[in-house]
Each structure stands twice: as C-alpha cells, then as structure tokens.
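Here is how the chains run, residue by residue.
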2 protein chains.
Amino acid sequence: MISKGKMSSIKMLHQKKYRDIEQKFIVEGTKSCLEVLKSSLEVLETYVTQKWIFDNAKSTPFSDLFTIITPKEMESISCLSTPPEILSIVKIPTYSISEFKKDKPIIALDNVRDPGNLGTIIRTADWFGLDQIYCSENCVEFTNPKVIQATMGSFSRIKIVYGNLVKFLTENPERKKMGMFMEGAPIETIDFEGNEILIIGSESHGISEEISQLINQKIHIPNYHAAINGAESLNASIAAGILLYQFSSKKRYKLS
Amino acid sequence: MISKGKMSSIKMLHQKKYRDIEQKFIVEGTKSCLEVLKSSLEVLETYVTQKWIFDNAKSTPFSDLFTIITPKEMESISCLSTPPEILSIVKIPTYSISEFKKDKPIIALDNVRDPGNLGTIIRTADWFGLDQIYCSENCVEFTNPKVIQATMGSFSRIKIVYGNLVKFLTENPERKKMGMFMEGAPIETIDFEGNEILIIGSESHGISEEISQLINQKIHIPNYHAAINGAESLNASIAAGILLYQFSSKKRYKLS
C-alpha cells in the first residue's frame, strides 16, 4: 500500500531540484536495488510488485523491509519507460576528499554533462577498482536517473565528490595531473606513479582552458591505422575506458 | 519549400519498416550531414533552415543542392528532441563481404541491440581505422537514428554487412576468432596476427553459446585492482573500445 501523497513525493525526486532539497534519489531494477541494499548506502524505502516477490523472494533476505505496490503504482513512480519490479529511495551519500586514499588515483571529470557518459565512467572505474572520483560543479549529478541506470549498481561503491576542480587540482601538488589532448604523448608510452589525477573532459569541448594549464602530462590515444579523414574524436567514456585500462594494466605489471 | 506529402514520407523513415522498404535513412546535424556529403554514400535530399545557411554558407560548397525549410518543418521531420538545422536523406549502402580486405581485421557483433552501443562501436572502429564490421541478423540496424547519432559521422566510412554470423565465421577458417569471456586470457598477453575476427557480444547476454563454440581465443579484460564485490561487467562498447585499442596498439608495435 502506498498513499497518493507518498507517490507524489517520490515522483518529485525525478527532478534535480527536489533531489537536492530532499537529499534522496531513486534506484530502479533488481540488479541496482540489490547492490544498493547490500552496500553501505542508506536505503530509506523499497517498493516491489507481487511479481518481484514471486520471482526473487527465495534469493533475497531483504523482503520484510519492502512495501508491495501494484504495477500501475510502480509505473507512476518510475523514471523508466519500462517500469521495473523494484524501486528504492536512497539517501544521497556525502563524501569528502579527506576520504580519498593518498596512494590511489583519482578520476577527475571536467564538465561531463552527458548522463550516459558519467554512468559508464562510474561503472568502468568500479571494474578497475578505482573508487575515487572528483567532479567539477558543472558535471551532471550522479543521482540523475540516467546516470544511476548506466552505472549498473556501481554508484554504490564509488566515492564521488563535487566541487571546484581548479581549486582541487591546485591543492594537490603531490599528485601528477594527466589529461587527454590531441597533441599529447601516445598513451602506451606513459608510466603511472599510481596516485595520479586522471582528468576526463567533456564530449564536445574536451578539457577546459583553465584546467589545461594545470596538467603535467598530456596524453593521446593514437589512431595509427586510421585514414586521414577518419573519426575526429572518441566518445568521452571510451577514452576514459582506455585510460583506466592502461593505468590498471601498467600498474599491475609494476606491482607484480 | 517542402510539401506535406514529402514531409510525411520523410517521417515514415523514422520507422525501420519504411527504411527497409524505401532503402533510405535520415542523417541529422551539421557534423554528420557534412561527413555524409563528402563521403561516397548517395545523398538524395538535404534540408536546411535559413539559420544554417547564414551560419555555414561560406564554409560549405554544397549549398546549391539544399532545400530551405522552416524550423517548424524541420521539427516535424526530425527524429531528435532538439531538431537540427540540417537533415539529409541518404540511400542505404549495401556492402558485401567480398569487399572486406583479407589482411585487415573484422569486427563481428553478436546480437548487439542497443543503438548507443552499436553507434559508439562504429565511431571507435573508425578512430582506429578498422572499417570492416559484420553484424549478426539480430543486431540493431545501423540506419536507426540513435545509432547514426552516436557514430558522429563515422557510419559514412565503415563497411557494415548483416548476415548469418555462424555461417560467416565457419566460412572464414583462415581468420582467428577472438571474443571476450570471463574465463579468457588477460588481454595484455594476447598477440594479434592482424586479420582476426574480433567478436563483441551483447550487453546483457555476452557472446551466444553457438558463437562461443567457434572461438579460437578467449580474451578477458582483467580487473586486477577491483574489490571482490566490484562491477560484474563492462559496458559492451567500453569492452570493444579496449579490445580495439589493444589490437591497434599491439599491431603498431609489430609494424614499427
């Protein structure tokens, strides 16, 4: 059972403005909800359909905390065009840079506005065990439903801090700052110390002028085999994926 | 000037069914339209707004082929939520596997249904100069507007053939077949001959059972640094991006 008032208050969380006021966000689908339920994040409410209980009750220990609602009610509170069978309301976690480990790298995002790109970068970072992300204030917020969807549950394991990226870079002189530029050195030739700040720019504008001046090492993903008139750029999350892979792979060889 | 009948016939191309019948598809936005206009593809019609002419007439030699329409008419024929200032109707190219170069790799896609993933894979392939893609029949068609949008013009340079993937793999015994599997060898340890078939599976199901049996080399992108409960998988286009990067990088070192 869910009241109309409750449904309205959940629907308001579809909008950034109300997520900011309420400090809550929506997580949908079995994979993401089970991930967040077993994480350290604070799950405030979980709604499921009868079908979800029928399909999953045996495999999950959380069912006594759930509120059963109808598919129609689920459709009404969901952000998705195909409504899920389970939906959780989660408290927005607030991380601070003091939690960032000094011997691990930080991924820094400069004006990444596309929710799919941010979500995919969070998922990829999680795959490579890199759990520290710093976002400039103009990045899309990670509680955006499209970001959450694209992370496939990885949002629950990554520490994401938003703030003034210029200030953050300036205040961390001991960490080398690396970013992708067309005129950068080939990525295969780069050595990593392990505590770098790896900076990803926006899909359309790359790394901003102000941030560029704080970069110690410019990197490039070479397109050796491309014809002269080939693609002008890579998708931002693909470039990030290759950078995180190369970091992870090089560091592994150093450690082993 | 554009007639109502013409507008209706363009709007029908939003649907796969009519693209198949008419053998035409829609390309939108300045970057994609200019790329297709300078490519070998057959552009049948191009519509622009006055604003586009004003902004671009000096920089493009194609303007005498364009039909000027109003922003409202553009909104009506566009597939995008934010209509572009330029839209072209293009004949669907038909490539055959006899055009595939024997000494270059082929990217094979098994049941890739997500338009964003297919578009991003096409764009990444173009970046690395790999222009031969074979799609199983159940892949999303590359003329889907969301695919075209995600390729950022790269669709105009890549030969894409659809067909029976099992048959295709069986009929190309001279090419090594590589694919991503959790139990595969670490990708850094793989040597490439240069004419491989690099197989990418679907986001949700990976490479299908039938195709798995035809693979000669299983590959894995290691998550050495990940915590035990990290991400279960990478996004399909990220995995493809890392594979194409690694191929391109290793082959460069062999060639140089």
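Quick caveat: nothing in here was measured; it's all calculated off a predicted structure.

Here the focus is the environment of phenylalanine 247 of chain A. Residues and elements named next belong to chain A. The residue phenylalanine 247 is located in helix 10 (residues 236-255) in this model. Along the primary structure phenylalanine 247 and phenylalanine 192 are separated by 55 residues, whereas in three dimensions their C-alpha atoms are 6.6 Å apart. Setting aside residues up to four positions removed in sequence, phenylalanine 247 forms contacts with Pro105, Leu130, Phe192, Gly194, Glu196 and Leu198.

Glancing now at the relation of the copies chain A and chain B. Rotating chain A by 180° about the axis while translating it 0.0 Å along that axis superimposes it on chain B, leaving an RMSD of 0.0 Å. The superposition operator between the copies reduces to a two-fold rotation axis. In this assembly, 100% of the residues forming the interface of chain A have copies in chain B that are likewise at the interface, indicating an isologous arrangement.

The next point concerns the nonpolar core. With 74 residues, the main nonpolar core has Leu109 and Ile221 of chain A together with Leu109 and Ile221 of chain B as its most contacted residues. Once residues within four sequence positions are removed from consideration, leucine 109 of chain A is found in contact with Leu118, Ile121, Ile133, Tyr134, Cys135, Ser136, Cys139, Leu165 and Ile200 of chain A.

So, about helix 3 (residues 30-38) of chain A. Restricting attention to buried positions, one finds in helix 3 of chain A the residues Ser32, Cys33, Glu35, Val36 and Leu37 of chain A. The secondary structure elements touched by the buried residues of helix 3 of chain A are strand 1 (24-28), strand 2 (43-48), strand 4 (86-91) and helix 7 (145-151) of chain A.

For the rest of this paragraph, the subject is the packing of aromatic side chains. All names here are of chain A. With the rule as written, the count across this model stands at 17 aromatic pairs over all chains. For the pair phenylalanine 25 and phenylalanine 155, a centre-to-centre distance of 5.8 Å together with 80° between the ring planes defines the contact as edge-to-face. With phenylalanine 25 in strand 1 and phenylalanine 155 in the loop between helix 7 and strand 7 (159-163), this residue pair connects regions lying 130 residues apart in the sequence. The exposure class of phenylalanine 155 is buried, given its relative accessible area of 1%. With a centroid separation of 5.5 Å and an interplanar angle of 70°, the aromatic rings of tryptophan 52 and phenylalanine 66 are classed as edge-to-face. With tryptophan 52 in helix 4 (residues 50-56) and phenylalanine 66 in the loop between helix 4 and strand 3 (67-68), the pair connects residues that are 14 residues apart, well separated along the chain. Judged by its relative accessible area of 1%, tryptophan 52 falls in the buried class. Since its relative accessible area comes to 10%, phenylalanine 66 is described here as buried. In textbook terms, an aromatic cluster arises when at least three aromatic residues are bridged by ring pairs, as seen for Phe25, Phe142, Phe155 and Tyr162. Geometry around phenylalanine 181 places lysine 218 over its ring, the cationic atom sitting 4.5 Å from the centre.

Conventions adopted
Residues numbered from 1 in each chain as written. Chains lettered and ligands numbered in written order. Predicted model: local features only at pLDDT ≥ 70, side-chain atom pairs only at ≥ 80, totals over all residues. Heavy atoms only, no water. Helix = DSSP H or I, 4+ residues; strand = E, 2+ residues; numbered from the N terminus. Contact = heavy atoms within 4.5 Å. Least-squares fit on C-alpha atoms with pLDDT ≥ 70 in both. Core = buried A, V, L, I, M, F, W, Y, C linked by side-chain atoms within 4.5 Å. Buried < 20%, exposed > 50% of the residue type's maximum accessible area, 1.4 Å probe, protein only. Phe/Tyr/Trp six-rings, centres within 6.5 Å; stacked < 30°, edge-to-face > 60°. Lys NZ or Arg CZ within 6 Å of the ring centre and 35° of its normal.

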